[in-house]
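Below, each chain spelled out in residue letters.
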Amino acid sequence: MEEESQQGKERGCRCGRTKCLKQYCQCFRNDIRCTSDCVCSDCHNDGKHEEKRIEAIRHIRMNNPSAFKGTALELEDQEVTTPKGGKKTVRGCRCKRSKCQKKYCECFSAGIPCTSNCVCTDCAN
DNA sequence: GAGTTTGAAACT
DNA sequence: CAGTTTCAAACTC
């Protein structure tokens with residue numbers, strides 16, 4: 001009883017302003033659709049607006065060819081195998097206050113140490 | 001449970 | 001290209 005003791009499901013996003021059509025949304029970032037566990041409002045990632053979802057992706061890519069951090073961090077995505085058996089692609093974090101010791105860190109969240117692509121300050125990993 | 005903090009994405 | 005703002009989630013109280 002270490003983890004998985006809060007609610008046992010809550011794995012959905014709470015987006016309500018971006019409609020899960022931005023990288024802010026964990027679901028959208030993972031390229032997955034929102035589920036009943038999500039408590040997002042006006043969610044366009046529920047599959048009912050699949051066309052809108054794809055259009056939003058194109059819009060982001062059109063306005064931002066680099067999408068997000070990409071450029072300096074997406075040099076080489078590090079594929080790591082999590083203890084649970086799931087392979088996750090981590091690009092690199094930019095933590096400076098949490099020292100990559102909190103879930104805020106993309107690397108720590110994935111359960112792996114920071115890589116050379118990370119530009120974190122005082123990295124504890 | 002509500003509020004604060006942190007990191008990253010989006011916009012200017 | 002850099003800085004600022006916004007967004008959503010994590011963390012703290």
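As recorded in an unreviewed UniProt entry, chain A goes by CRC domain-containing protein and comes from Guillardia theta. Its UniProt record gives chain A the following Subcellular location (unreviewed entry) comment, quoted word for word: "Nucleus". Quoted verbatim from the Sequence similarities (unreviewed entry) field of UniProt, the annotation for chain A is "Belongs to the lin-54 family."

1. Side note on the overall build of chain A
Helix and strand content of chain A: four helices and two strands. By sequence separation, contacts in chain A at least 24 residues apart represent 38% of the contacts at least 6 residues apart.

2. Some remarks on the protein's contact with DNA strand C
In the vicinity of DNA strand C, the contacting residues are Cys13, Arg14, Cys15, Gly16, Arg17, Thr18, Tyr24, Gln26, Lys102, Lys103 and Tyr104. Looking at DNA strand C alone, sugar and phosphate atoms form 84% of those within 4 Å of the protein. Measuring from a phosphate oxygen of DNA strand C, one finds a backbone N or O atom of Arg14 at 2.7 Å. In terms of residue class, the surface near DNA strand C is made up of four nonpolar, three polar and four charged.

3. Side note on unusual backbone geometry
Positive phi outside glycine occurs at Asp31, with the angle close to 65 degrees. Judged by relative accessible area, which is 56%, Asp31 ranks as exposed. Phi angles above zero are rare outside glycine, and Lys99 is one such case at about 55 degrees. Among the structural elements, Lys99 can be located in the loop between strand E2 (87–90) and helix H4 (106–110).

4. Quick word on the pattern of salt bridges
According to the stated counting rule, one finds two salt bridges in the structure shown. In this structure, Glu106 engages Arg29 in a salt bridge whose closest nitrogen and oxygen atoms are separated by 3.4 Å. Taken as a pair, Glu106 in helix H4 and Arg29 in helix H1 (residues 26–29) lie far apart in primary sequence, 77 residues in all. Since its relative accessible area comes to 26%, Glu106 is described here as partly exposed. Residue classification places Arg29 among the partly exposed positions, given a relative accessible area of 34%.

5. What about the nonpolar core?
Membership of the largest hydrophobic core comes to 13 residues, with the highest contact counts inside it found for Cys13, Cys20, Cys25, Cys34 and Cys40. Elements represented by at least two residues in this core include exactly H1 and helix H2 (50–63). In this structure Cys13 touches Cys20, Cys25, Cys27, Cys34, Cys38, Val39 and Cys40, once residues within four positions along its chain are discounted. In terms of nonpolar packing, the next biggest core, distinct from the first, is built from 11 residues, Val90, Cys93, Cys95 and Cys100 among them.

6. Considerations on the environment of Ile54
Mapped onto the elements, Ile54 comes out in helix H2. Separated by 44 residues in the primary sequence, Ile54 and Ser98 place their C-alpha atoms 34 Å from one another.

7. Section: the confidence of the model for chain A
Counting all residues, the mean pLDDT for chain A is 79, and 73% of those residues have values of 70 or more. The element-level mean pLDDT for chain A is lowest in helix H3 (residues 70–73), coming to 44, with H2 highest at 88. Low pLDDT, under 50, characterises residues 1–7; the predicted model gives this stretch zero contacts beyond four residues in sequence or across chains. Low pLDDT, under 50, characterises residues 70–74; the stretch is placed with eight contacts to residues that sit more than four places away or in other chains.

Basis of the calculations
Residues numbered from 1 in each chain as written. Chains lettered and ligands numbered in written order. Predicted model: local features only at pLDDT ≥ 70, side-chain atom pairs only at ≥ 80, totals over all residues. Heavy atoms only, no water. UniProt positions renumbered as here; feature names shortened; annotations may be inferred. Helix = DSSP H or I, 4+ residues; strand = E, 2+ residues; numbered from the N terminus. Contact = heavy atoms within 4.5 Å. Near = heavy atom within 4 Å. Polar contact = N/O pair within 3.5 Å; in protein donor to acceptor, adjacent residues only side chain to side chain. Nonpolar A, V, L, I, M, F, W, Y, C, P; charged D, E, K, R; others polar. Buried < 20%, exposed > 50% of the residue type's maximum accessible area, 1.4 Å probe, protein only. Salt bridge = Lys/Arg side-chain N within 4 Å of Asp/Glu carboxyl O. Core = buried A, V, L, I, M, F, W, Y, C linked by side-chain atoms within 4.5 Å. pLDDT = per-residue confidence, 0-100.

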